[in-house]
Amino acid sequence: MRNFRKLEVWRESMELVQVVYGITKQLPSDEKYGLCSQMKRATIAIPANIAEGASRRTSADFARFLDISLGSSFELETYLELVKRVYQNISIDLTSFLNRLHLVQKRINALRESIVE
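The structure displayed is predicted, hence computed values, not measured ones. (Residues numbered from 1 in each chain as written. Predicted model: local features only at pLDDT ≥ 70, side-chain atom pairs only at ≥ 80, totals over all residues. Heavy atoms only, no water.)

A separate point is the overall build of the chain. For the chain, the helix and strand inventory stands at four helices and zero strands. Helices and strands in the chain line up, N terminus first, as α-α-α-α. The C-alpha radius of gyration of the chain comes to 15 Å, within 12% of the 13 Å expected for a compact globule of 117 residues. A principal-axis box enclosing the C-alpha atoms of the chain has dimensions of 45 × 25 × 20 Å. (Helix = DSSP H or I, 4+ residues; strand = E, 2+ residues; numbered from the N terminus. Rg over C-alpha atoms; globule rule 2.2 N^0.38 Å.)

Quick look at the structure:
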């Protein structure tokens, strides 16, 4: 069993959750059960799947959960692109957040590659 709290990518993805909660507060209230809910679920799934995978006995199982985490990160990226397109009048700087998200995606992939070799 691995200690997920020691994984830098887990800590970074937890920070992303906090930022997404801030972003969703800036979206219109009619998105509460739509885009906001989906964004929160996707972003929470990133560190949650890293943590769950770390508890698995085999590297293959851990890698599978990292794949799920990576998928959630791309789902979140899609929602953020929608926010940029639909809510152009909202002053949210998504560029720096997307850069952080891309870094987390690369780190998840690198961790996955390191444990399947």
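As a further point, take helix 2 (residues 35-54). For helix 2, with 20 residues, the first-to-last C-alpha span of 29 Å sits near the 28 Å given by 1.5 Å per residue. At Ile-46, helix 2 shows its maximal bend, which comes to roughly 30 degrees, and the proline Pro-47 appears one to four places after that position. (Expected span 1.5 Å × (residues − 1). Bend = angle between axes of the 7 residues up to and from the residue.)

Right, let's get into the side chain of Gln-105. Within the fold, Gln-105 resides in helix 4 (residues 94-116). Residues within four places of Gln-105 in sequence aside, it is in contact with Leu-70, Ser-73, Phe-74 and Glu-77. (Contact = heavy atoms within 4.5 Å.)

It is worth spelling out the packing of aromatic side chains at this point. Within the structure shown, the criterion is met by one aromatic pair. Ring geometry for Phe-4 against Trp-10: centres 5.0 Å apart, planes inclined by 70 degrees, an arrangement best described as edge-to-face. Classification of Trp-10 by relative accessible area gives buried; the value is 14%. (Phe/Tyr/Trp six-rings, centres within 6.5 Å; stacked < 30°, edge-to-face > 60°. Buried < 20%, exposed > 50% of the residue type's maximum accessible area, 1.4 Å probe, protein only.)

Turning next to the side chain of Glu-31. One can find Glu-31 in the loop between helix 1 (8-25) and helix 2. Here Glu-31 occupies a buried position and makes no salt bridge, while the nearest side chain of opposite charge, Lys-40, is found at 11 Å. Beyond its immediate stretch of four places on either side in the chain, Glu-31 contacts Cys-36, Ser-37 and Tyr-87. (Lys, Arg positive; Asp, Glu negative; His and termini not counted. Salt bridge = Lys/Arg side-chain N within 4 Å of Asp/Glu carboxyl O.)

A residue-level look at the chain finds 100% of positions with pLDDT of 70 or above and a mean pLDDT of 94. Of all secondary-structure elements in the chain, the lowest mean pLDDT belongs to helix 4, at 94, while helix 2 reaches the highest, 97. (pLDDT = per-residue confidence, 0-100.)

This part is about the packing of helix 1 against helix 2. At a closest axis distance of 9 Å, the pairing of helix 1 and helix 2 adopts a crossing angle of 170 degrees. Regarding the angle of helix 1 to helix 2, the classification is roughly antiparallel. Contacts between helix 1 and helix 2 pair Val-9, Trp-10, Ser-13, Met-14, Leu-16, Val-17, Val-20, Tyr-21, Ile-23 and Thr-24 from the former with Cys-36, Met-39, Lys-40, Thr-43, Ile-44, Ile-46, Pro-47, Ile-50 and Ala-51 from the latter. For the contact of helix 1 with helix 2, a count of residues per class yields 15 nonpolar, three polar and one charged. (Axes fitted to C-alpha atoms, helices over the stretch in contact; angles between N-to-C directions. Parallel < 35°, antiparallel > 145°, perpendicular 65-115°, else oblique. Nonpolar A, V, L, I, M, F, W, Y, C, P; charged D, E, K, R; others polar.)

Before going further, it helps to examine the packing of helix 2 against helix 3 (residues 59-86). Between helix 2 and helix 3, whose axes approach to 8 Å, the crossing angle comes to 160 degrees. Regarding the angle of helix 2 to helix 3, the classification is roughly antiparallel. For helix 2 against helix 3, the interelement crossing comes out left-handed. Residues Leu-35, Gln-38, Met-39, Ala-42, Thr-43, Ala-45, Ile-46, Asn-49, Ile-50, Glu-52, Gly-53 and Ala-54 of helix 2 lie in contact with helix 3, whose contacting residues are Phe-62, Phe-65, Leu-66, Ile-68, Ser-69, Ser-72, Ser-73, Glu-75, Leu-76, Tyr-79, Leu-80 and Val-83. (Left-handed = near helix turned anticlockwise from the far one by under 90°.)

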